[in-house]
Amino acid sequence: MAVDDETLTTEDSRTFEAGLDALEAPTLSPRPGPGAVFLRSVLPPMVAVVAFIALWQLAYSTDLKPSYALPSPLDVLRTFDQTVRDGRAWDAISISVSRGALGFLASLAVGTMLGLAMWRSRWLRTAIGPFVSGLQSLPSVAWVPAAIIWFGLSDAAIYAVVLLGAVPSIANGLLAGFDQVPPLLDKVGRVLGLSTIGRIRHVLLPAALPGYLSGLKQGWAFSWRSLMAAELITYSPALGIGLGQQLNIGRELNAMDMVIASIFLILVVGVAIELLIFAPLERRVLRTRGLTH
Amino acid sequence: MAQPTLRPALQQQATPASSVRVTQLAQVFERDRPPVLDRIDVDVAPGEFVCLLGASGCGKSTLLSLIAGLGTPTSGSIEVTVGRPALMFQEPALLPWLTAAGNVELALKARGVGRRERRTEAERLLSLVNLAGQGRKRVHELSGGMRQRVALARALAQDSRLLLMDEPFAALDAITRDALHEELIRLWSEQGLSVIFVTHNVREAVRLGQRVLLMGSRPGRIVREWQVGMSQPRAIESPGVSALATEITHHLRAEISRHGR
Ligand SMILES: Nc1ncnc2c1ncn2[C@@H]1O[C@H](COP(=O)(O)OP(=O)(O)OP(=O)(O)O)[C@@H](O)[C@H]1O
Ligand SMILES: [Mg+2]
């Protein structure tokens, strides 16, 4: 298409350019409605849950295991209902969640500072980077005996395990976030004449946010796991009964219904916090940047 | 940061003789290799549009970022008489967490423009690049050409008399590039900017520039220059542009072949 510029008025070329924009701008698929979301994302897991319970009931009815070892779904529901009614479930949830939250916040502070320090000092990073990454793959339950020897059967022992579990993920997440910042964006900050502080505030930190957030999400998952491992082993009347301790009581009483009800609660609370707090935060950050819909 | 120092004598004159004067500039990255830039002399008059042509890797980006103050030359001097230059990169280099307007506003903020003024000024600049009313869009909602125009608006927001452009349209298709050429020439003639435009597209250089500089590689030197006599606006497929482009291409090829022997 040969366009002779000299015959084009500014008005013509504006219309031409607007036409190009209309044709070329990426068309983003509209967000699916609630019906579509239900059919696509909610229904399949519901079907799976129903099928699972049906299989379980079948195993129970055919006496696959003695009934103390394999209670029926209804037995578990009754036990669960009981613990909810007499308040034990809420107590255990509030004890564990407040521990988890406090442990996570402490890990957040320590992990962020550690990550920043490792980012600022290449030497520190080379020195301890491999160990921090190594710690990330060490199951934190391995720290429980050590923590008990150092701190006794106390909250301090539990928090020590939680910190050792979560801090490496958070520090590494922050580092990964900084590493992902394209050098070009920092140059943009310099070309625009932003000060060092301005570049950190307006370019570096926002650019590192996605990596940091996924580190936080992983940090929470590790906090919760470490907390349960610690609670399961450090049982003492002084510590109160968290979800992990409740699970342990179930084992000692040989009460499978209580064990299953506790496992269920641990799962639900961990997933709920991830879904209610971290997932929306992450989705929002990614969506603004067009990294997901 | 190495902001070139201003010569007081130049500052006081009503119209300085040049917007930027590069004298005997050299840049060496690795000692055992030929200098990336060698004895470069470039003088750009106020309001002049200069195109810098050269093969891949000859040092065009290096030269431009030195002028932009993103580094210190090994030797030689760069005098920019018009304050901090604005720079447009080959990629749009927009901040993806900001809207189109947010990107433009950041440049205004860096200049210390107040919040309310930033808003209206960003809107004005966006309509200048034909993006009126698109300011609230996120970067990922824009096409390649629109992104490059937001980047242009952001560069204009720096309110510099000197605009440095590093292959800004290289990644765009021909039709979009044509439209942006028109846009750029309009802005340049309205605002009286000095422009240094880097490209390795010879026709683009002749379509846009008043003067075309050809750079050789290893060491990077200005080997030849042409005055483009034709007036703007001119079409990239006009016979005059084609003729001069053919001549320049001939020299560019000769320059590249030198390294094949
Ligand atoms: N920071 C650096 N350290 C070492 N070498 C560098 C550095 N920056 C650039 N170079 C080298 O300098 C040479 C010129 O690079 P430059 O990017 O300026 O070329 P260019 O002309 O812009 O190329 P292109 O057309 O591909 O963009 C290249 O050989 C490159 O490898
Ligand atoms: Mg380049």
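In this text the structure is predicted, and so the values were computed from the model without any measurement. Residue numbers restart at each chain and count upward from 1, following the sequence in its written direction. For this description, chains carry letters from A and ligands carry numbers from 1, given in the order in which they are written. Confidence filtering applies because this is a predicted model: local features only for residues at pLDDT of at least 70, side-chain atom pairs given and counted only at 80 or more, and all residues used for totals across whole chains, interfaces and linings. Hydrogens and water molecules were not included; the side-chain quantities draw on all heavy atoms of the structure.

Things to note about the domain arrangement of chain B
Residues and elements named next belong to chain B. Applicable threshold: Note that the domain bounds were set by an automatic or database domain assignment. Pairs of residues are marked as contacts when any of their non-hydrogen atoms sit within 4.5 Å. Put simply, buried area is the surface a 1.4 Å probe can reach on two separate parts but cannot reach once they are joined, added for both. Note on definitions: salt bridges are taken to be side-chain nitrogens of Lys or Arg within 4 Å of carboxyl oxygens of Asp or Glu.
Domain boundaries in chain B define domain 1 (17–85 + 161–261) and domain 2 (94–159). Taken over C-alpha atoms, the centre of domain 1 sits 26 Å from the centre of domain 2. Taken together, the contact pairs 15 residues of domain 1 with 12 residues of domain 2. Of the roughly 980 Å² buried between domain 1 and domain 2 on both sides combined, carbon and sulfur atoms contribute 69%. Of all residues in domain 1, Leu-180, Glu-183 and Leu-187 bury the most surface against domain 2, accounting for 36% of the area lost on that side. Here domain 1 is connected to domain 2 by 0 salt bridges.

Quick notes on the sheet that holds strand 1 (residues 20–27) of chain B
All names here are of chain B. As a reminder of what qualifies: Two strands pair under a simple rule: DSSP has to find at least two bridges between them. Per the convention used, a helix needs a DSSP run of H or I reaching at least four residues, while a strand needs a run of E reaching at least two, with both numbered from the N terminus. Inter-axis angles, ranging from 0 to 180 degrees, are taken between N-to-C directions of lines fitted to C-alpha atoms, where helices are fitted over the stretch in contact.
In spatial order, the strands read 2-1-4; together these 3 strands make up an open sheet with antiparallel pairing. Strands with a single pairing partner mark the edges of an open sheet, and in this sheet they are strand 2 (37–44) and strand 4 (75–80). Across the sheet, the mean angle from the axis of one strand to that of its neighbour is 15°, orientation sign disregarded. Where strand 1 meets strand 4, 5 bridges bridge the pair, whose relative direction is antiparallel. When the bridges of strand 4 are listed, Val-20 appears paired with Val-80.

What about the nonpolar core?
Operational definition: For this analysis, a nonpolar core means a set of buried residues of the types Ala, Val, Leu, Ile, Met, Phe, Trp, Tyr and Cys, connected via side-chain atoms within 4.5 Å. Buried residues are those whose accessible area, probed at 1.4 Å on protein chains only, stays under 20% of the maximum for their type, while exposed residues exceed 50% and partly exposed ones sit between those limits.
Core analysis: the biggest nonpolar cluster contains 133 residues, and A:Leu243, B:Val20, B:Phe49, B:Ile67, B:Leu163, B:Met165 and B:Phe197 have the highest contact counts within it. For this core, the element with the most residues is helix 9 (residues 196–233) of chain A, which contributes 12 residues. The residue makeup of this core includes at least three contributed by each of domain 1 (17–85 + 161–261) and domain 2 (94–159) of chain B. Excluding anything up to four places from it in sequence, B:Phe197 contacts B:Phe49, B:Val50, B:Cys51, B:Leu52, B:Met165, B:Pro168, B:Phe169, B:Leu184, B:Glu204 and B:Leu208.

Focus on helix 9 of chain A
Convention followed: A helix's residues, less one, multiplied by 1.5 Å, set its expected span. To get the bend at any residue, fit one axis to the seven residues that end at it and another to the seven that begin at it, then take the angle between the two axes.
Taking 1.5 Å per residue, 38 residues should reach 56 Å; helix 9 of chain A reaches only 49 Å between its end C-alpha atoms and comes up short. The sharpest bend along helix 9 of chain A measures roughly 45° and falls at A:Leu209, with the proline A:Pro210 sitting one to four residues further on.

Structural notes on a positive patch on the surface
Heads up, the rule is: Exposure above 30% relative accessible area and the lack of any salt bridge qualify a residue for a patch; like charges then connect within 9 Å, and the nonpolar side chains Val, Leu, Ile, Met, Phe, Trp and Tyr within 5 Å. Values of accessible area rely on a 1.4 Å probe in the Shrake-Rupley scheme; residue burial ignores everything except the protein chains shown. In this tally Asp and Glu are treated as negative and Lys and Arg as positive; neither His nor the chain ends contributes. By convention, charge coordinates are those of NZ in Lys, CZ in Arg, CG in Asp, or CD in Glu.
A contiguous patch of positive charge on the surface is contributed by A:Arg201, B:Lys109, B:Arg115 and B:Arg119. On the accessibility criterion, A:Arg201 (54% relative accessible area) is exposed.

With respect to the interface of chain B and chain A
Where we set the bar: We define a polar contact as two N or O atoms separated by no more than 3.5 Å, with the added condition that, inside protein, one atom must be a possible hydrogen donor and the other a possible acceptor, whereas residues neighbouring each other in sequence contribute only through side-chain atom pairs.
Across the contact, 45 residues belong to chain B and 34 residues belong to chain A. Regarding the contact of chain B and chain A, the summed buried area is about 3500 Å², with carbon and sulfur atoms giving 62% of it. Here chain B and chain A share 0 salt bridges between them. Linking chain B to chain A there are 2 residue pairs in polar contact (both at pLDDT 80 or more). Every element with two or more residues in the side of chain B that touches chain A is listed here: helix 3 (100–110), helix 4 (115–128), helix 5 (144–157) and helix 6 (174–191) of chain B. Top element by residues in the side of chain B that touches chain A is helix 6 of chain B. It accounts for 7 residues.

Looking at the pattern of salt bridges
Should their charged atoms come close, side chains of opposite charge can pair. Overall, the coordinates contain 18 salt bridges over all chains when judged by the stated rule. A salt bridge links A:Glu274 to A:Lys217, with the shortest nitrogen-to-oxygen separation between them at 3.8 Å. Of this pair, A:Glu274 sits in helix 11 (residues 256–288) while A:Lys217 sits in helix 9, placing them 57 residues apart in sequence. When the shortest N-O distance is used, the salt bridge between B:Asp38 and B:Arg221 registers 2.6 Å. Here the residue B:Asp38 occupies a position in strand 2, and B:Arg221 occupies one in strand 9 (residues 221–227), the gap between them amounting to 183 residues. B:Asp38 sits in the buried class, given a relative accessible area of 11%. In this structure, a network of salt bridges that share partners links the residues A:Arg99, A:Asp155 and A:Glu231.

Overview of the packing of aromatic side chains
Residue and element names in this part refer to chain B. Quick note on the threshold: Each aromatic pair joins two rings of Phe, Tyr and Trp (for Trp, the six-membered one) with centres within 6.5 Å, and gets the label stacked for planes under 30 degrees apart, edge-to-face for over 60, and tilted for any other angle.
Scanning the entire structure with this criterion turns up 10 aromatic pairs over all chains. A ring pair is formed by Phe-169 and Phe-197, whose centres lie 5.8 Å apart and whose planes are at 55°; its orientation type is tilted. Taken together, the residues Phe-169 in the loop between strand 6 (162–166) and helix 6 and Phe-197 in strand 7 (residues 194–199) connect sequence positions 28 residues apart. Note on Phe-169: relative accessible area 1%, which makes it buried.

Some thoughts on the confidence of the model for chain A
What counts here: Every residue gets a pLDDT, meaning the predictor's confidence in that residue, from 0 to 100.
Averaged over every residue, the pLDDT of chain A is 87; the share at 70 or more is 96%. Low confidence marks residues 1–7 of chain A, where pLDDT is under 50. Its contacts with residues over four positions away, or in another chain, come to 13 contacts.

Thoughts on the pairing of strand 1 of chain B
Here strand 1 of chain B pairs with strand 2 of chain B via 5 bridges, running antiparallel. The residue bridging B:Val20 from the neighbouring strand is B:Val44, located in strand 2 of chain B.

Describing the packing of helix 9 of chain A against helix 10 (residues 243–252) of chain A
Residues and elements named next belong to chain A. The cut-off we apply is this: Angular relationships are summarised with four words: roughly parallel below 35 degrees, roughly antiparallel beyond 145, roughly perpendicular across 65 to 115, and oblique for the angles in between. Helix crossings get a hand from a simple test, with the near helix turned counterclockwise from the far one by less than a right angle marking a left-handed crossing and a clockwise turn marking a right-handed one. For this classification, the nonpolar set comprises Ala, Val, Leu, Ile, Met, Phe, Trp, Tyr, Cys and Pro, the charged set comprises Asp, Glu, Lys and Arg, and every other residue, Gly included, is treated as polar.
It is the contact of helix 9 with helix 10, at a shortest axis distance of 7 Å, that shows an interaxial angle of 45°. Viewed along their axes, helix 9 and helix 10 adopt a mutual orientation that is oblique. As helix 9 packs across helix 10, the resulting crossing turns out to be right-handed. When helix 9 is examined against helix 10, the residues Trp-224, Met-228, Glu-231 and Leu-232 are found in contact with a partner set consisting of Leu-243, Gly-244, Gln-245, Leu-247 and Asn-248. Across the contact of helix 9 with helix 10, the residue classes break down as 5 nonpolar, 3 polar and 1 charged.

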